[in-house]
Amino acid sequence: MKQHFNSGTARNSINRNIIALILAGGRGTRLKQLTDWRAKPAVPFGGKFRIIDFPLSNCVNSGVRQICVVTQYKAQSLIRHIQRGWSFLDGRFNEYVELLPAQQQIKETWYQGTADAVFQNLDYLRRHHADYVLILGGDHVYKMNYRKLLAEHVEKNADLTVACVEVPLKEASAFGIIAVDDNWRVVDFIEKPADPPAMPGHPDKALVSMGIYVFNTDFLFDQLIRDHHDENSAHDFGKDLIPYLVPRNHVYAHRFMDSCVNMAAGIPYWRDVGTVDAYWEANIDLTTVTPDLNMYDKNWPIWTYQEQLPPAKFVFDDDKRRGQAFDSMVSGGCIISGGTVRRSLLFSNVQVRSFSSVEDAVILPNVDIGRNARLKRVVVEKNCKIPEGLEVGFDAIADSKKFHVTDKGITLITPEMLGQRIHYLE
């Protein structure tokens, strides 16, 4: 029977009958050394957050408070963050964020694909008796009201609803491409084509999957079991399940524009910060006067774990040694001690020492920048100690001999590249 949702009571009923699974087991190899020791969802973002804080916050703000996080690759940093920052939900009201690490539940293999990651947790999901399963990626930055997505799924009597967004055609080959009819029913789905088709009437854009799905629970279970027994399947939602379901079942697309929170100039914000360049650009954008991503909205906050740190401190005011920052975000625990920061984002506990210069930089936590150092267009990994007088960002050829330099000229610096041993394996 088709249901209508004209009241808050009905909408809350949907939320209580849904469980969210955040798939957070991927490495994100295009982020290079930033994911050598952590999964992509655990990568710091925006001064004090982790990437996974965005889908988690969207769940909580949307009233979806039965949440599971599926982990696999180098998950300890992610697990520690969730344990410290996401334990505030109240189990007495059946609210929780629960971790589901890969455990070889079915056979002696780890998760083989996104669909297999859910399949291997079917026993757990069955015990919750949810009517709907919301499946999310843990590695995108966006603000979305899942209530609107869920209500549309129910109203259209869909088996599966796929959230979608328009992206420039030149970037679309990294995503699943969706074609829809006039009622937004999905009529075709192509996973990561080399030559993606454009949207009708929009030759420079493509409609792509965001990796956000709503399934009717029984339908999902049946399809996961069917896919598990298909020896030709890679057991992945984008490669296998969705292309199989589109011609056979009621699969609809949901426009992200209809559920995006805090759109700037009417443009929905969704970023796959999956490359060093994209990561640098998204963080630096936050330092602009009016960034595309609104981090100051009290009605839709991004929740996270944060240490109890003192305020940022700026010291020395001499003509040749002045602690100062312009067009920048400076987090708690930072000390700008006689250095200059411009158009940069500094995470917690960064020290910028005298006579140093930091421009167009993303500096992760616990970095110590030595005297007379000059850094420009860089991403500096956590726990780096930048040597006194080091200059990076002014000679790409010289930088590439020691650091990773992207095609767009962003230099990634890690402790290992500086010869500083942080991780001990023997």
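Here the structure is a predicted model, which is why all the values come from computation and not from measurement. (Residues numbered from 1 in each chain as written. Predicted model: local features only at pLDDT ≥ 70, side-chain atom pairs only at ≥ 80, totals over all residues. Heavy atoms only, no water.)

Undergrad: Would you mind going over the domain arrangement of the protein chain with me for this structure?
TA: In many analyses, interface size is given as the accessible surface area lost on bringing the parts together. Its domain assignment divides the protein chain into domain 1 (18–286) and domain 2 (313–418). Just the C-alpha atoms count here: the centres of domain 1 and domain 2 sit 34 Å apart. Across the contact, 20 residues belong to domain 1 and 26 residues belong to domain 2. Across the domain 1/domain 2 interface, buried area totals approximately 1800 Å², and carbon plus sulfur atoms make up 67% of it. Scanning the region where domain 1 abuts domain 2 turns up two salt bridges. Across the salt bridge formed by Arg38 and Glu381, the nearest N and O atoms sit 2.9 Å from each other. (Domains from an automatic or database assignment. Contact = heavy atoms within 4.5 Å. Buried area = accessible area lost by both parts, 1.4 Å probe. Salt bridge = Lys/Arg side-chain N within 4 Å of Asp/Glu carboxyl O.)

Undergrad: Any chance you could explain helix α2 (residues 53–61) here in plain terms?
TA: For an α-helix the count is 3.6 residues per turn, leaving residues at separations of three or four pointing the same way. Here α2 lies mainly inside the structure; nine of its nine residues are buried. Of the residues making up α2, those classed as buried are Asp53, Phe54, Pro55, Leu56, Ser57, Asn58, Cys59, Val60 and Asn61. Just past α2, the residue Gly63 takes up positive phi, approximately 85 degrees. (Buried < 20%, exposed > 50% of the residue type's maximum accessible area, 1.4 Å probe, protein only. Helix = DSSP H or I, 4+ residues; strand = E, 2+ residues; numbered from the N terminus.)

Undergrad: Hey, could you run me through the pairing of strand β21 (residues 357–363) in this one?
TA: Along any regular strand, the residues point their side chains to alternate faces of the sheet. For β21, the tally of buried residues reaches seven of seven residues, placing the bulk of the element in the interior. Judged from the three bridges that link them, strand β18 (residues 340–342) and β21 form a sheet pairing that is parallel. Looking at β21, one finds that Thr340 is bridged to Ser357. Strand direction decides the pairing type here: strand β19 (residues 345–346) and β21, joined by two bridges, are parallel. (Pairing = 2+ DSSP bridges.)

Undergrad: So what exactly am I meant to see when it comes to the sheet that holds strand β20 (residues 351–352) here?
TA: Strand pairs in the sheet, formed through backbone hydrogen bonds, run parallel or antiparallel to each other. Reading across the sheet, the five strands line up as β14-β17-β20-β22-β24 and stay open at both edges, with parallel pairing between neighbours. Of all strands in the sheet, those bounded by a partner on one side alone are β14 (313–315) and β24 (385–386). In this sheet, β20 lies alongside strand β17 (residues 335–337) in parallel orientation, the contact comprising two bridges. Within β20, the residue paired with Ile336 across the bridge is Val352.

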